[in-house]
Structures are given as structure tokens and as C-alpha cells.
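# Structural overview
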Amino acid sequence: MSKVNNEIAVQARKEFGKCASRRARKAGMIPAVVYSKGKEAKSIMVDADAWKVLAGHHVQMVTLVDGAAKSSALVKEVQFNHLKNYVQHIDFQEVDVNADLTAMVPVHAHGECIGVNHGGILEFELHEIEVICHPDHLPESIAAEVSSLDIGDQLHVKDLVMPEGVRTDLDPEAVVAHVVRPKEEPEAPAEEAATEPEAIKEKKADDEAK
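Before going into details, it helps to say that this report is about the structure given with it. (Residues numbered from 1 in each chain as written. Predicted model: local features only at pLDDT ≥ 70, side-chain atom pairs only at ≥ 80, totals over all residues. Heavy atoms only, no water.)

## What about the overall build of the chain?
Broken down by element type, the chain carries four helices and 13 strands. Buried positions account for 32% of the 210 residues belonging to the chain. Accessible surface computed for the chain: about 14200 Å², of which carbon and sulfur atoms make up 50%. (Helix = DSSP H or I, 4+ residues; strand = E, 2+ residues; numbered from the N terminus. Buried < 20%, exposed > 50% of the residue type's maximum accessible area, 1.4 Å probe, protein only. Areas by Shrake-Rupley, 256 points an atom, 1.4 Å probe, with all protein chains shown as cover.)

Below you can see the structure in the form of C-alpha cells.
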């Protein structure tokens, strides 16, 4: 788990629509929604600078602080405007801190892959996996130890070392990553020796006979 303070101040959103969203972003705020099981979704505003700091640490779980009220929430979706380089909207999912949660966690390669050193290519079939754990144990990522993988080898879900308190219900035999040989470029066909058309050959033979 990250030691980064994942608290972020929020405030209720009172204005809606494109113009209101534009004004909010100019004021340094990001429109967001907090979804809660069995409750009505809440529209909020998030400080853009504070979010930028948290996003830089790739946090999965945040603590939303609205005055004296605090709630834990998963970051479900971040909508980003790549043309203008800003966050348009964030979706949060409030979680029960007293119960296990299910979340998608990225899988990152760990170690220097021997198969790559032998000319192979390391390919991931699963870039993230679904884990089940208490909110306090939610990892930022799962390390996939690939140093022993040679060309033709595979890393399965059962080979992943889960952090303490974290489990997954995925098929243990599911392939996470493997090392493959690079595809060989097809050889260009040899150029055929130039041959004279049959009609020209016959004409030459007739001329020589005269």
C-alpha cells in the first residue's frame, strides 16, 4: 500500500451544464460524481491541483473530505481531454470500509526477463486483474515476476504473489504473460532469370536458317 496521503477535499456541486463545467474548470475544479450502493449519486467538485498530485501516485483509493465528513471511494473512471490536456470528469465509487471490495488492479512486470535477453518478446495477456480485499489492503499494482521466463515460457495467475490480505477468483491457469519469438520476416522471392519470349526465340531460329 502507498504511504501517500490520499485525502482530497471536495465540495458539493450546485451548478450543472456545459457552461457551469467550463466555469468550474477555469476556477481550478473538476466535476465529479460519487456513486454509492443503495444511495443516490452525489455530484461534487474536486480541486484540480490536489487531484494532479494524487494521480501522479496512481492511487486506486481516495478519501473524500467534505468539511467534517469523510468517505472512502474507489477511482472508477477518469475522463481526460487529450487535445486540451485536462481532466474533464471523475467517477468515484464509495466503499464500505468494514467489508471486502472487488477492484481491478494493474499488473506490472518485475525483474529482467531472461527470454528478452535471448531475443524474445515479453507479451502480457492480462494488464490488470480483479482482486478482492479489505479497502485498507488494496494494492496500487500486482508485481509479475518475469525474470525467470525464457522464450516459450508462460506466467499464470497462480504464479502471482499476492500481497497480504489480497486474493483473486480468476482461473489459476489463466495466462498473465509469456515470452514469444519475434516473427521472422518472409524472405523475398529470388528474381527469376530474364528469358526471351518464345516468339522471339523462334524468329531468331528462322533468321539463322535462312
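Once you've had a look at it, read on.
## Details of a positive patch on the surface
Taken together, the side chains of K18, R22, K26 and K84 present a region of like positive charge at the surface. Within the secondary structure, K18 is located in helix α1 (residues 18-26). (Patch = residues over 30% accessible without salt bridge, like charges linked within 9 Å, V, L, I, M, F, W, Y side chains within 5 Å. Salt bridge = Lys/Arg side-chain N within 4 Å of Asp/Glu carboxyl O. Lys, Arg positive; Asp, Glu negative; His and termini not counted. Charge placed at Lys NZ, Arg CZ, Asp CG, Glu CD.)

## Observations regarding the pairing of strand β13 (residues 175-180)
Inspection of the sheet shows strand β8 (residues 121-124) paired to β13 by four bridges, in the antiparallel sense. Among the inter-strand pairings, L122 is bridged to a residue of β13, identified as V179. Two elements, strand β11 (residues 154-156) and β13, share three bridges in a ladder whose sense is antiparallel. Within β13, the residue paired with Q154 across the bridge is H178. (Pairing = 2+ DSSP bridges.)

## Looking at the layout of surface pockets
Of the pockets and cavities examined, the largest pocket occupies roughly 330 Å³. Around the largest pocket, the lining is made up of 15 residues, and of these Q60, V75, M104, P106 and E128 lie nearest the centre. Only β5 (69-81), β7 (101-110) and β9 (128-133) provide two or more residues apiece to the lining of the largest pocket. No other element matches the five residues that β7 contributes to the lining of the largest pocket. Residue classes in the lining of the largest pocket are distributed as six nonpolar, five polar and four charged. (1 Å grid on protein atoms, 1.4 Å probe; cavity = no way out; pocket = protein on both sides within 12 Å on 5 of 7 lines; lining within 4 Å. Points joined across faces, edges and corners; volume = space filled by probe spheres on them. Nonpolar A, V, L, I, M, F, W, Y, C, P; charged D, E, K, R; others polar.)

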